[in-house]
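# Structural overview
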Amino acid sequence: MPERPFDSDNARKKQHAEQSNNELDENSPTNNNEQSGDEEDDDGNQIKGNEEEDDQEDDDEETPDFTDDEYGSEFTDDYLCPELMAERPQEHESLNNVIIVDNLPKVDPAKLEKLKGVISKVYSKFGVCRNEYYPLDNEGKTKGYGFFEFQNEQMALEAVKQTDGYRLDKNHTFSVTLMSDFERLTQVPSEATDIGNLLSWLTEPDGVDQFAVQSDDPKKTMIYSNALSQPILLEERSKWTETDFVWSPKGTYLASFHEKGIALWGGKEFRQVQRFAHTGGVQHIDFSPCERYLVTTSARPGNSEAFIIWDVITGQKKRSFPVEQGSPYFK
């Protein structure tokens, strides 16, 4: 209960307490409290310093339960490690700056440093290569491919352009691609389409040939077996080709012409085997004697790819050439 100003008994008690405190020596607990910064209120109650109050408040705080699986889930990586996360690679850096080099020599650990020196010499001319990684097998040998990170995307693109197909020696020719193309390159059908035996016509008991006939009205293409008695119709389709058709040298493929390119057909049921996109209207084609390569021509004004050489098996464009004047021809 607060002290009343006119309470004489309390006043005398207070005065007596003050006189007693003054008579205490320097080693008394009261003087020690004064030196440590403690104070007393008007009623003589001792008030502790700010530091003891802070300690008391800290003791009162609830200690986190670190055994709780959800503790800390609200903290993000950026909050916990801001400096480290600021240095993490960005998506464009980790993909467009990295190239994959395949068909590297497979070497043991003793020759790894020598291999790194040779490859580093090849790619140092295209810019700064910040990191390189050579995957190893269980025996410590390289697996024949590596990853190389350049300082920027332009350096990586130039490295791909200049070294894809680069011949290191007679046994190793580089196959180079951007890491950003990896997903596209790995998107292959889960099951290959069975087109049958492309040389099935050779199994015909009488060994007869096949030939194709095209009619203009209506637009139809018909394939016959040149049987001994009379031709036998094997396949007939409307609008199979837009302009013309050509057999490959060994008779494996039938090529049809379209506004957007060339399509190859083969097998017993003449399914589509491959297609080559060459816009502008292909006018002429020619196969290599072994049927491994195909040349398509589309000589249109301003066409920078009048000639295109294709890989028949993979469908990959190997090279292209422009035509400055005149019409292309085959010799």
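Note that the structure is a prediction, hence the values are computed from the model and not measured.

### A few points about the overall build of the protein chain
Tallying secondary structure elements over the protein chain gives nine helices and 19 strands in all. Looking at the protein chain residue by residue over its 331 residues, the buried ones come to 27%. Considering only contacts in the protein chain between residues 6 or more positions apart, those separated by 24 or more positions represent 41%. Looking at the protein chain as shown, the accessible area adds up to about 24,100 Å², and 47% of this sits on carbon and sulfur atoms.

### Overview of the pairing of strand β11 (residues 232-238)
Both strand β10 (residues 220-225) and β11 contribute to a ladder of six bridges, which runs antiparallel. Bridged to Lys 220 within β11 is Ser 238. Counting the residues that bridge the hairpin from β10 to β11 gives six residues.

### Re a nonpolar patch on the surface
Among the surface-exposed residues, Phe 75, Tyr 79 and Leu 80 lie close enough to one another that they form a single nonpolar patch of about 330 Å² accessible area. Along the chain, Tyr 79 turns up in helix α4 (residues 77-80). By relative accessible area, which is 57% here, Tyr 79 ends up exposed.

### A look at the sheet that holds strand β12 (residues 245-247)
If you trace the four strands from one edge of the open sheet to the other, you get β12-β13-β14-β15, paired in antiparallel fashion. The open sheet has two edge strands, β12 and β15 (271-277), and neither has a second partner. Along the sheet, successive strands turn relative to each other by an average axial angle of 25°, direction set aside. Bridging between strand β14 (residues 261-266) and β15 involves six bridges; their strand directions are antiparallel. Opposite Trp 265, over in β15, you have Gln 272 as the bridge partner.

### What about the pattern of salt bridges?
Pairing is possible between side chains that carry opposite charge, provided their charged atoms lie close to one another. Enumeration over the complete set of coordinates arrives at seven salt bridges. A salt bridge links Asp 311 to Arg 292; its shortest N-O distance comes to 2.9 Å. With Asp 311 in strand β18 (residues 307-311) and Arg 292 in the loop between β16 (284-287) and β17 (293-297), this pair connects stretches of sequence that are 19 residues apart. According to the relative accessible area criterion, Asp 311 is buried, its value standing at 4%.

### Here we look at the nonpolar core
Formed by 20 residues in total, the largest nonpolar core has its most connected members in Ile 99, Val 101, Ile 119, Tyr 123 and Phe 150. No other element matches the five residues that helix α7 (residues 109-123) contributes to this core. Aside from chain neighbours lying at most four places away, what touches Tyr 123 is Ile 99, Val 101, Phe 150, Ala 159, Thr 163, Phe 174 and Val 176. Counting residues in hydrophobic clusters, the runner-up holds 14 residues, among them Tyr 253, Phe 276, Phe 287 and Ile 308.

### Some thoughts on the sheet that holds β11
Overall, antiparallel pairing links the three strands, which are arranged β9-β10-β11 in an open sheet. Edge positions in the open sheet fall to β9 (210-215) and β11, since each of these has one partner strand only. Taken pair by pair, the neighbouring strands of this sheet meet at an average axis angle of 20°, ignoring direction.

### Considering the confidence of the model for the protein chain
Of all residues in the protein chain, 69% attain a pLDDT of 70 or more, and the chain-wide mean is 77. Below a pLDDT of 50 lies the segment residues 1-8, which in the model reaches two contacts outside its immediate sequence neighbourhood of four places, other chains included. In this model, residues 26-37 is a region of pLDDT below 50 whose contacts with residues beyond four sequence positions or in other chains number nine contacts.

### Points about unusual backbone geometry
Here Phe 270, not a glycine, exhibits a phi torsion of approximately 55°, which is positive. Structurally, Phe 270 is set in the loop between β14 and β15. Assessed through its relative accessible area of 6%, Phe 270 is described here as buried. Its identity as a non-glycine residue notwithstanding, Glu 291 has a phi of 70°, on the positive side.

Criteria and thresholds
- Residues numbered from 1 in each chain as written.
- Predicted model: local features only at pLDDT ≥ 70, side-chain atom pairs only at ≥ 80, totals over all residues.
- Heavy atoms only, no water.
- Helix = DSSP H or I, 4+ residues; strand = E, 2+ residues; numbered from the N terminus.
- Buried < 20%, exposed > 50% of the residue type's maximum accessible area, 1.4 Å probe, protein only.
- Contact = heavy atoms within 4.5 Å.
- Areas by Shrake-Rupley, 256 points an atom, 1.4 Å probe, with all protein chains shown as cover.
- Pairing = 2+ DSSP bridges.
- Patch = residues over 30% accessible without salt bridge, like charges linked within 9 Å, V, L, I, M, F, W, Y side chains within 5 Å.
- Salt bridge = Lys/Arg side-chain N within 4 Å of Asp/Glu carboxyl O.
- Axes fitted to C-alpha atoms, helices over the stretch in contact; angles between N-to-C directions.
- Core = buried A, V, L, I, M, F, W, Y, C linked by side-chain atoms within 4.5 Å.
- pLDDT = per-residue confidence, 0-100.

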